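Spelled out, the chains give:
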Amino acid sequence: MSEGNGSYCRGHLAIVGIGPGAIEDMTIKAYNTLLEADVIVGYKTYLELIKQLLVDQEKEIVGTGMTKEVERCQKALEIAAEGKNVAVISSGDPGVYGMAGLVLELAETKGLLNQIKISVVPGVTAASAGASVLGAPLMHDFSIISLSDLLTPWELILKRLEAAASSDFVVVLYNPKSHKRVEHIEKAREMFLKFRAGDTPVGVVKNALRSGQEMFVSDLEHFTELPIDMFTVVLIGNSQTKVMGGKIVTPRGYSW
Ligand code: SAH
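Residues numbered from 1 in each chain as written. Predicted model: local features only at pLDDT ≥ 70, side-chain atom pairs only at ≥ 80, totals over all residues. Heavy atoms only, no water.

**Focus on the packing of aromatic side chains**
Aromatic rings in a pair are described by how distant their centres are and how their planes are angled relative to each other. As a reminder, the rule being used: We call Phe, Tyr and Trp rings a pair once their centres come within 6.5 Å, taking the six-membered ring for Trp, and we label the pair stacked below 30 degrees between planes, edge-to-face above 60, and tilted otherwise. With a 1.4 Å probe rolled over the protein chains alone, any residue whose accessible area is under 20% of its type maximum counts as buried; one over 50% counts as exposed, and the rest are partly exposed.
Scanning all chains against the criterion turns up two aromatic pairs. Seen from their ring centres, Tyr43 and Tyr46 are 5.0 Å apart, and the 90° between their planes marks the pair as edge-to-face. Under the relative-accessibility criterion, Tyr43 is labelled buried at 16%.

**Re the side chain of Ser218**
Stated precisely, the cut-off is as follows: Only DSSP runs of H or I with at least four residues qualify as helices, and only runs of E with at least two residues qualify as strands; both kinds are numbered from the N terminus onward. Contacts described as polar in this section are N or O atom pairs within 3.5 Å, which, within protein, must combine one atom able to donate a hydrogen with one able to accept it, while residues neighboring in sequence count only if both atoms come from side chains. Whether two residues are in contact is decided by their heavy atoms: any pair within 4.5 Å suffices.
Within the element layout of this structure, Ser218 appears in strand β10 (residues 214-219). Among the residues examined, Ser218 registers a relative accessible area of 17% and is labelled buried. A polar contact of 3.4 Å, which involves the side chain of Ser218, links it to the backbone nitrogen of Phe223. Other than its neighbours up to four places away in sequence, Ser218 contacts Thr200, Pro201, Val202, Phe223 and Leu226.

**Some details on the pattern of salt bridges**
We count it as follows: Here, a salt bridge means any side-chain nitrogen of Lys or Arg that lies within 4 Å of a carboxyl oxygen of Asp or Glu.
Within this structure, the stated rule accounts for six salt bridges. A salt bridge links Glu48 to Lys51, with the shortest nitrogen-to-oxygen separation between them at 2.6 Å. A relative accessible area of 46% places Glu48 in the partly exposed class. Among the ionic contacts, a cluster of salt bridges with common partners joins Glu186, Arg189 and Glu221.

**Description of the sheet that holds strand β12 (residues 242-244)**
The condition is simple: Here, strands pair whenever DSSP counts at least two bridges between them.
Taken together, three strands build an open sheet; the order of strands is β6-β13-β12 and the sheet is mixed. Across the chains shown, the open sheet's two edge strands, defined by having one partner strand only, are β6 (135-136) and β12. Summarising the sheet, β6 and strand β13 (residues 247-249) pair through two bridges and their orientation is parallel. Paired with Ala136 across the two strands is Val249, which belongs to β13.

Set out below in structure tokens:
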């Protein structure tokens, strides 16, 4: 389907991926969409990341706390239905564990899909940001798995870890560890050790491409000794992944 859908559009709601944090890592489309919006809706911490862009701008800003995702989306839909141009910001890519799905689902529930123009503006996701800091670990097939069991049963996460580990995928772990959830990363490590050598390279990147960035090159045997939290991505190499001069590189092919 092209722009709109033939029916009367009251407003425009863009779900904008702001990337990992620095304004320069945002796409020009994301940047322009934020500049054009009348209202910006977002989690307070993410609004903080783009505050430099909002200086001198006469925009209405609607900020909410971390767990208020549904409230945030509902508010954005209401404002768009009034005919305004709204941007909902999401860190990284809004379509990767971000706000895009929730906005579309809520719009459907409220019968607004035909009345508001909704667009998704992609951004640099944490896997790409983390990989760029480490070198080139994602040169071959990879999978992304979130260790958060808030919305997914742990048994299913474990099944996916096993499938990815046994298929020699490079794996990127999102939401690897929180204050309350410390044991999942250990269980993930044990699963990978069933299929991969203890010296398989593992990269850990905290706050990739934003202030406070830290990166560590470790291996499957030892990486859980590193400071891992909810601002961290963990990249586990495949059987061919190597460390070269402090960089993690996965060869493009298996042939040589
Ligand atoms: N939509 C986001 C992901 C949200 S899930 C994206 O596309 O990047 C939240 C998880 O993403 C965090 O727990 C962490 O594992 C990871 N993450 C997001 N930004 C990060 C960054 N700059 N550095 C390291 N990890 C990050």
